[in-house]
Amino acid sequence: MSFNPYVFFSGDCAEAFAFYGDVFGVEPRIMRTSDMPPGEEAMPGAAADSVMHASIELNGAYLMGSDDPTGDGGAKLGVAVSYSASDAADARRVFAALAEGATVTMPMEATFWSPAFGTLTDRFGVSWMVDTPAPDQGAS
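Cut-offs used in this document
In this convention, every chain numbers its residues from 1, walking through the sequence in written order. Totals for whole chains, interfaces and linings use every residue, but because this is a predicted model, local features are given only for residues with pLDDT of at least 70 and side-chain atom pairs only at 80 or more, for both listing and counting. Calculated side-chain values reflect all of the structure's heavy atoms, with hydrogen atoms and water omitted. The numbering of helices and of strands both runs from the N terminus, where a helix is a DSSP run of H or I of at least 4 residues and a strand a run of E of at least 2. Here the open area of atoms and residues is found with the Shrake-Rupley method and a 1.4 Å probe, where only the protein chains shown may cover a residue. None of His or the chain ends enter the tally, which takes Lys and Arg as positive and Asp and Glu as negative. Charge positions come from single atoms, namely NZ of Lys, CZ of Arg, CG of Asp or CD of Glu. What makes a nonpolar core is a set of buried Ala, Val, Leu, Ile, Met, Phe, Trp, Tyr and Cys residues whose side-chain atoms join them at distances within 4.5 Å. With a 1.4 Å probe rolled over the protein chains alone, any residue whose accessible area is under 20% of its type maximum counts as buried; one over 50% counts as exposed, and the rest are partly exposed. The contact criterion used throughout is that any non-hydrogen atoms of two residues lie within 4.5 Å. A pair of strands is labelled paired if DSSP reports no fewer than 2 bridges between them. Two rings from Phe, Tyr or Trp (for Trp, the six-membered ring) form a pair when their centres are within 6.5 Å of each other. A pair whose planes differ by under 30 degrees is stacked, one over 60 is edge-to-face, and the rest are tilted. Charges are assigned to positions over rings by a cutoff of 6 Å between ring centre and Lys NZ or Arg CZ, combined with an angular limit of 35 degrees from the ring normal.

Asker: Would you take a moment to explain the overall build of the protein chain for this structure?
Answerer: Each helix and strand in the protein chain was counted, giving 2 helices and 8 strands. With the C-alpha coordinates aligned to their principal axes, the bounding extent of the protein chain is approximately 55 × 30 × 25 Å. Per element, the accessible surface of the protein chain, about 8100 Å² overall, is 56% carbon and sulfur. Computed over 6 positive and 19 negative side-chain charges, the inter-centroid distance for the protein chain is 4 Å.

So this is what it looks like as structure tokens:
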């Protein structure tokens, strides 16, 4: 069993997951409404090119998402995707990539709990926490 974040987007899910695939070096899986088998009903208001499910996988954990057919464009509030890097160099690389067009809320820096920790809201409105465990803590 595991927890896996699922993020809703307002029409830019495919773009976001292509970006995340590049950042993390994995191929995103994207299923559009138009990929549904004949006879299946789409979500009310969903355009044929909208994403009904997208995912990337890292070490058995998934980041998943879809376009919200309501298209309200609202911010993703009260939640952050947390990425724990294997080392500080990887944390800095991922943070720098996610920071393109983002609002950095805490620059990547050493803290008392991590040699590299930072937070931002990416250009798609998704909040991220990027860190690496202290050498004596192991993976989180």
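Asker: How should I be thinking about the nonpolar core in this particular structure?
Answerer: In a soluble, globular protein the nonpolar side chains are often hidden away together inside. Membership of the largest hydrophobic core comes to 30 residues, with the highest contact counts inside it found for Phe9, Tyr20, Leu98 and Trp128. Elements that contribute at least two residues to this core include exactly strand 1 (6–9), helix 1 (13–24), strand 3 (51–58), strand 5 (81–84), helix 2 (88–98), strand 7 (116–121) and strand 8 (127–132). Per element, the largest residue contribution to this core is 8 residues, and it comes from helix 1. Setting aside residues no more than four positions away along its own chain, leucine 98 makes contact with Phe19, Tyr20, Val23, Leu120, Asp122, Trp128 and Val130.

Asker: For this particular structure, what's the right way to read the pairing of strand 6 (residues 103–109)?
Answerer: Pairing analysis gives 4 bridges linking strand 6 to strand 7, with the strands arranged antiparallel. Across the sheet, residue methionine 106 finds its bridge partner in strand 7, namely threonine 119.

Asker: Help me out: how do you make sense of the pairing of strand 3 in this one?
Answerer: Side-chain direction in a regular strand flips from residue to residue, so the side chains alternate between the two faces of the sheet. As paired elements, strand 2 (residues 29–32) and strand 3 share 4 bridges and run antiparallel to each other. Bridge pairing in strand 3 links isoleucine 30 to alanine 54. As paired elements, strand 3 and strand 4 (residues 61–67) share 5 bridges and run antiparallel to each other. Looking at strand 4, one finds that glutamate 57 is bridged to tyrosine 62. Here strand 3 folds back onto strand 4 in antiparallel fashion, the turn holding 2 residues, of which asparagine 59 has a positive phi close to 50°.

Asker: How should the packing of aromatic side chains be read in this particular structure?
Answerer: The description of an aromatic ring pair rests on the distance of the ring centres and on the angle between the ring planes. Summed over the entire model, instances satisfying the criterion amount to 11 aromatic pairs. Each ring, one from phenylalanine 112 and one from tryptophan 113, has its centre 5.0 Å from the other, and the planes form 85°; the classification is edge-to-face. An aromatic cluster of three or more residues is present, and its members are Phe9, Phe17, Phe19, Tyr20, Phe24, Tyr83, Phe124 and Trp128. The side chain of arginine 123 reaches across the aromatic face of phenylalanine 19, ending 4.2 Å from its centre.

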